[in-house]
Amino acid sequence: MTSTITPDTSATTVISVEEQQFNDLIEADSRIEPRDWMPEGYRKSLVRQISQHAHSEIIGMQPESNWITRAPSLKRKAILMAKVQDEAGHGLYLYSAAQTLGATRDDMTDALIAGKARYSSIFNYPTPSWADMGSIGWLVDGAAICNQVPLCRASYGPYGRAMVRICKEESFHQRQGFEILLELMAGTEEQRQMAQDSVNRWYWPALMMFGPPDDDSPNSAQSMAWKIKRHSNDELRQRFVNMLVPQAAVLGVTLPDPDLHFNDETQQWDLGVIDWTEFHEVLAGRGPNNAQRLQRRRDAHEEGEWVREAAAAYARKQPALTNEREMAAS
Amino acid sequence: MSDNVTTDVADHADDHGHATVDVTTLDAELIEGPSNATPDIAEYALWLGDDALILAQQLGAWISRAPELEEDVALGNVGLDLIGHARSLLHYAGTASNRTEDDLAYWRTEPDFRSLHIVEQPNGDFAHTIARQFIVSHYLFELYSRLRASADATLAAIAAKAVKEVDYHRDHSTQWVLRLAHGTDESRRRISTALGDLWPYVDEIFRDDPLIDRLEGIAVRPSSLRPAFDVAIAPVLAEAELDVPVGFVASGGGRAGKHSEHLAFLLAEMQVLTRAHPGASW
Ligand SMILES: [Fe+2]
Ligand SMILES: [Fe+2]
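Analysis parameters
- Residues numbered from 1 in each chain as written.
- Chains lettered and ligands numbered in written order.
- Predicted model: local features only at pLDDT ≥ 70, side-chain atom pairs only at ≥ 80, totals over all residues.
- Heavy atoms only, no water.
- Helix = DSSP H or I, 4+ residues; strand = E, 2+ residues; numbered from the N terminus.
- Buried < 20%, exposed > 50% of the residue type's maximum accessible area, 1.4 Å probe, protein only.
- Areas by Shrake-Rupley, 256 points an atom, 1.4 Å probe, with all protein chains shown as cover.
- Donors = N, O, S within 2.8 Å, 3.2 Å for Na, K, Ca; no water.
- Tetrahedral: all angles 85-135°; square planar, octahedral: opposite > 155°, others 65-115°.
- Contact = heavy atoms within 4.5 Å.
- Buried area = accessible area lost by both parts, 1.4 Å probe.
- Salt bridge = Lys/Arg side-chain N within 4 Å of Asp/Glu carboxyl O.
- Expected span 1.5 Å × (residues − 1).
- Phe/Tyr/Trp six-rings, centres within 6.5 Å; stacked < 30°, edge-to-face > 60°.

Draft legend 1. Fine view of the overall build of chain B. Along chain B, the regular secondary structure elements total twelve helices and zero strands. Order of helices (α) and strands (β) in chain B, N terminus to C terminus: α-α-α-α-α-α-α-α-α-α-α-α. Per-residue burial over chain B gives 59% buried out of 282 residues. Counting every atom, chain B has about 10,900 Å² of accessible surface; 53% of that belongs to carbon and sulfur.

Draft legend 2. Structural context of the coordination of the iron ion (ligand 2). Residue and element names in this part refer to chain A. Distances from the iron ion (ligand 2) to its protein donors, namely Glu-87 (OE), Asp-141 (OD), Glu-170 (OE) and His-173 (ND1), fall within the range 1.9 to 2.3 Å. The sequence motif formed by the donor residues of the iron ion (ligand 2) is E-x53-D-x28-E-x2-H. Separating the iron ion (ligand 2) from the iron ion (ligand 1) is a gap of 3.4 Å, bridged by Glu-87, which donates to each. Note that Asp-141 is positioned in helix α6 (residues 131–148) and His-173 in helix α7 (residues 157–185), a separation of 32 residues in sequence. In this structure, Asp-141 and His-173 share a single accessibility class: buried.

Draft legend 3. Structural detail: the coordination of the iron ion (ligand 1). Residues and elements named next belong to chain A. Donor atoms from the polypeptide that coordinate the iron ion (ligand 1) comprise Glu-57 (OE), Glu-87 (OE), His-90 (ND1) and Glu-170 (OE), at 2.0 to 2.2 Å from the metal. In this structure, the iron ion (ligand 1) is coordinated by four donor atoms arranged in irregular fashion, with angles at the metal of 86 to 139°. Written as a sequence motif, the donor arrangement for the iron ion (ligand 1) is E-x29-E-x2-H-x79-E.

Draft legend 4. How the structure looks around the interface of chain B and chain A. In this complex, chain B contributes 65 residues to the contact, which on the side of chain A involves 63 residues. Counting the surface lost from both chain B and chain A, the interface buries some 5,800 Å², and carbon and sulfur atoms represent 64% of this. Taken together, the links from chain B to chain A amount to one salt bridge. Across the salt bridge formed by B:Glu70 and A:Arg105, the nearest N and O atoms sit 2.9 Å from each other.

Draft legend 5. Expanded view of helix α2 (residues 40–59) of chain A. Over its 20 residues, α2(A) runs 28 Å from end to end, which matches the ideal 28 Å to within 8%, given 1.5 Å per residue. Of all 20 residues that make up α2(A), 16 are buried, and the element is covered over most of its length.

Draft legend 6. Highlighting the environment of A:Ala225. Within the fold, A:Ala225 resides in helix α9 (residues 220–225). Along the backbone, A:Ala225 and A:Glu27 are 198 residues apart, and their C-alpha atoms lie at a distance of 9.3 Å.

Draft legend 7. Representation of the packing of aromatic side chains in the model. Residues and elements named next belong to chain A. Summed over the entire model, instances satisfying the criterion amount to 15 aromatic pairs over all chains. Aromatic side chains Phe-22 and Tyr-42 sit 4.9 Å apart centroid to centroid with 75° between the ring planes, which places their arrangement in the edge-to-face category. Of this pair, Phe-22 sits in helix α1 (residues 17–27) while Tyr-42 is found in helix α2, placing the two residues 20 residues apart along the sequence. Tyr-42 carries the same exposure label as Phe-22, and that label is buried. Here Trp-138 and Phe-178 contribute two aromatic rings whose centre-to-centre distance is 6.4 Å and whose plane-to-plane angle is 65°, an arrangement assigned as edge-to-face. Here Trp-138, found in helix α6, pairs with Phe-178, found in helix α7; they are 40 residues apart in sequence, far enough to count as distant.

This is how it looks when you write it as structure tokens:
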């Protein structure tokens, strides 16, 4: 969900009164609201970012819903169901926020199932083991929090407010994921292996969630100027790793980066070199599960079409049906 | 886990579902309940607990596949409520034999389950899921309304909580029966087919069993619920302009451990991971 913003090319030298007001609001760290004037580039960037974020929540339900029917205890089953359901709720809040900018839910959904819209490529990785429910919570929801907490202050009001609600729930998800891994690491040898193997698979992809390195992310600058985005990709990635290292120690898992070491000078954890080839492969649609994820969404949408049509037809008929009943009653 | 990245569990505001902390822990009155269930009460708790568990398992399979996102959330809510009921009931049932809710859910085999055939019927299309939910929720509402007055304090407490949730499930499925019935020709055909397919399994719900004779004042006699069930659904079917289906009555036998062909597959999926790791905790 980062580095997706194109620079504003519509800037002119003469600034209108409205544009000046917009710039002042941004400058003063105030919120832009749906009725305020905004540059077309700002609106477009936001629609793209918010809808991509919404799609990510929705596609992100799949790798975890995969384990609802097989969760190994009733408590875990309940927590997992609640979590995946939360993600559906996040998708709904975000689609609503995008709708305040004039986007329609139908268009956004169509773009997603046609494979034209982006979503976070992390969800194109498979979840072959139960421990992946732990790793996704700890690492993926964890990275999402680092990305998203600054978005709670995003300049566009409805987006910032949606993010406040979402971030609260994401922290809860991260904690649940951590607990799943903690329980596995305190368990049998097989369970510990399951946890470590899963962390090995999710660690690097989670770091890639912050987007390409700053010197390779030309689109971020305008987003930062507009205060849609407030920290660079590398800054956020660094914060995330600093947060993970002590947590990994508590868990007793090894982070799969032999070059990871503490830098006394910067007081930060320096990481090894990220292999971006894989990231670009997955981004280009060649991830292990891209096709499967999109197909599932398409199937759900197409198989549900008759239901949505029925609901719409029923809503249209409501006044007539009510009249009929009233006449029958009188 | 370091404090800067977590919020306290109590801070987790619940904005769009019932999915708060109560999904992680059982109610205190159940954990610290004064008494263990007798074998008969435990058997009755298994009846109700297994129905809730199997239906929750089925609804869980809808999440991420529903016709619209709002229904992913709604069916998830219903499933979560049911899994809460299942956990309370199985926990209580287990007190008679020193077994946990998970021992009962994951380590019993098919003949030891007590679920009704109607909850074992597959999800099918959305109409079948709604028809099944419509029938079961109306039954459960009548059941839990009366079980609140049970002489067994634990069953009464579980029922008091469950009845409010089941009331919502009843409303949700009723609204969908009406929408589908008066929606399009296709949706009308589908809901009508679904009700017809599910109706043979209604009879079993209201059959009595010698167990009930031994639990006078504690259990609710199933046959006593049938008139209230019929009265509750009649106006919905009338408004939907759907007939009460007629046809054969399925043999049933779930309370005696005789199940539909569907249950074994459902249990195999539900239990697979747990059974691969005997003795492990999760
Ligand atoms: Fe989310
Ligand atoms: Fe999440």
